[in-house]
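# Summary of the model geometry
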Amino acid sequence: MRTPMIAGNWKMNTSVSEGVALFRTIRDTLSEEAVAAVEVVCCPPFTHVPTLATEAAGSSVMLGAQNMYFEDKGAYTGEISPGMLADVCTYVIIGHSERRQFFNESDEIVALKVAKAIKTGLRPIICVGESLDIRNAGSYVPHVVAQVKAALSKCSVASADALVFAYEPIWAIGTGLAASAGKAQEVIYAIRQTLGACVGDAYAQDIRILYGGSSTDENIGRFMAESDIDGALVGGASLKADTFTAMVRIAAEARG
Ligand code: PEP
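In what follows, the accompanying structure is described. The shown structure was predicted, so the numbers you read here are calculated from the model rather than taken from an experiment.

What counts, and where the lines are drawn
- Residues numbered from 1 in each chain as written.
- Predicted model: local features only at pLDDT ≥ 70, side-chain atom pairs only at ≥ 80, totals over all residues.
- Heavy atoms only, no water.
- Phe/Tyr/Trp six-rings, centres within 6.5 Å; stacked < 30°, edge-to-face > 60°.
- Helix = DSSP H or I, 4+ residues; strand = E, 2+ residues; numbered from the N terminus.
- Buried < 20%, exposed > 50% of the residue type's maximum accessible area, 1.4 Å probe, protein only.
- Lys NZ or Arg CZ within 6 Å of the ring centre and 35° of its normal.
- Near = heavy atom within 4 Å.
- Polar contact = N/O pair within 3.5 Å; in protein donor to acceptor, adjacent residues only side chain to side chain.
- Areas by Shrake-Rupley, 256 points an atom, 1.4 Å probe, with all protein chains shown as cover.
- Nonpolar A, V, L, I, M, F, W, Y, C, P; charged D, E, K, R; others polar.
- Salt bridge = Lys/Arg side-chain N within 4 Å of Asp/Glu carboxyl O.
- Pairing = 2+ DSSP bridges.
- Contact = heavy atoms within 4.5 Å.
- Axes fitted to C-alpha atoms, helices over the stretch in contact; angles between N-to-C directions.

### Brief notes about the packing of aromatic side chains
- A full pass over the atoms with the stated rule returns 3 aromatic pairs.
- Summarising the aromatic geometry, the rings of Tyr211 and Phe223 are spaced 4.1 Å apart at their centres and angled 15° between planes, so their arrangement reads as stacked. Taken together, the residues Tyr211 in strand 7 (residues 208-212) and Phe223 in helix 11 (residues 220-224) connect sequence positions 12 residues apart. Phe223 shares its class with Tyr211; the two are buried.
- A cation sits over an aromatic face here: Arg99 above Phe103, 4.2 Å from the ring centre.

Structure, rendered in structure tokens:
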């Protein structure tokens, strides 16, 4: 049985004080039943992580970072190492389409980061997804399958909890045009089949696969009704505490 996850990607938003206020509202609004049924993760900017680690201590809300480098230390100005993050958070988003698009992150770099995160004990939330051109050309399933295989090409997976996938069609991110639940299920089913081939069926059935792209409290119920979708990676709506906590409640009820 996979525990659903609702993870918020705050991207490059909020001051530290705004982030603390947002985190506290999320943490203090959620009921014990909701956080027992759904794993809740907030991924703020790096500058917020140590402060929020203190806020998160003793609560059920987990912390994640939005990126990391694949080397342990050294002359990499501006980068942050997996070991630095492992002290203060549990998860790290890797391969988000904005990193692939604006920072030239290739499948090779994503694979190096995934391997290093797992080796360091961080749990990567690995993002995959197709552009609108690839969707319209009809080759979205092979495209995403290739991204999944590439992401896992340099690591060994020793437990289903070691990683999470997020299927995020690029055309749905920040556009208000979420994929239909059926379209998301089609690709997420293919991801799960691919995981079976890469890490074995036993793990594949237990690895969480999220949907991401304009998910809100209005559509999360439809995604949760699909058999392979285990929650959402949430961008814009994760900055609104009432919407984000409503999504957690709806996900908890859907699997309750
Ligand atoms: C994201 O960027 O991971 C995302 C899903 O964004 P949004 O929910 O705003 O589409």
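### So, the site of the ligand
- Neighbouring the ligand are 15 residues; Lys11, His96, Glu168, Gly174 and Ser214 lie closest to it.
- The contact in question runs from an oxygen atom of the ligand to an N or O atom on the side chain of Lys11, over 2.5 Å.
- Starting from 290 Å² of accessible surface for the ligand in isolation, the protein chains cover 95%.
- Looking at the shell around the ligand residue by residue, the classes come out as 4 nonpolar, 8 polar and 3 charged.

### As for the pattern of salt bridges
- Applying the stated rule across the entire model yields 14 salt bridges.
- Between Glu39 and Arg208 there is a salt bridge; the shortest N-O distance is 2.7 Å. Placement of the pair is Glu39 in strand 2 (residues 39-43) and Arg208 in strand 7, with a sequence separation of 169 residues.
- We classify Glu39 as buried; its relative accessible area is 14%.
- For Arg100, the salt bridge is made with Asp107, and the minimal N-O distance between the two is 2.8 Å.
- Accessibility expressed as a relative area gives 16% for Arg100, which makes it buried.

### As for the pairing of strand 4 (residues 91-94)
- Burial along strand 4 is two-sided: the residues Tyr91 and Ile93 and Val92 and Ile94 are all buried.
- In terms of strand pairing, strand 3 (residues 61-65) meets strand 4 through 2 bridges, oriented parallel. Bridged to Gly64 within strand 4 is Tyr91.
- Strand direction decides the pairing type here: strand 4 and strand 5 (residues 123-128), joined by 4 bridges, are parallel. Paired with Tyr91 across the two strands is Arg123, which belongs to strand 5.

### Focus on the environment of Val148
- Positionally, Val148 belongs in helix 8 (residues 140-151).
- Assessed through its relative accessible area of 0%, Val148 is described here as buried.
- Distance from Val148 to Ala166, taken between C-alpha atoms, is 10 Å for residues 18 residues apart in sequence.
- Ignoring anything within four residues of it in the chain, the contact list for Val148 reads Val128, Phe165, Ile191, Thr194 and Leu195.

### Considerations on unusual backbone geometry
- Its identity is not glycine, yet Thr14 carries a phi of approximately 80°, on the positive side.
- With respect to the secondary-structure elements, Thr14 resides in the loop between strand 1 (5-9) and helix 1 (16-29).
- Using a relative accessible area of 27% as the deciding quantity, one classes Thr14 as partly exposed.
- One non-glycine residue, Asn104, lies in the positive phi region at around 55°.

### Comments concerning the sheet that holds strand 7
- Spatially, 1-2-3-4-5-6-7-8 is the arrangement adopted by the 8 strands of the closed barrel, whose pairing is parallel. Within the sheet, the average angular offset between the axes of one strand and its neighbour, ignoring direction, is 25°.
- Pairing of strand 1 with strand 8 (residues 231-234), which is carried by 4 bridges, proceeds in the parallel orientation. Residue Gly8 lies in a different strand from strand 8, and its bridge partner there is Val234.
- Each of strand 5, strand 6 (164-167) and strand 7 touches helix 9 (residues 181-199); the most contacted strand, strand 7, lies at about 150° to it.
- The strands touched by helix 12 (residues 241-255) within the sheet are strand 1, strand 2 and strand 8, with strand 1 carrying the most contacts at an inclination of about 165°.

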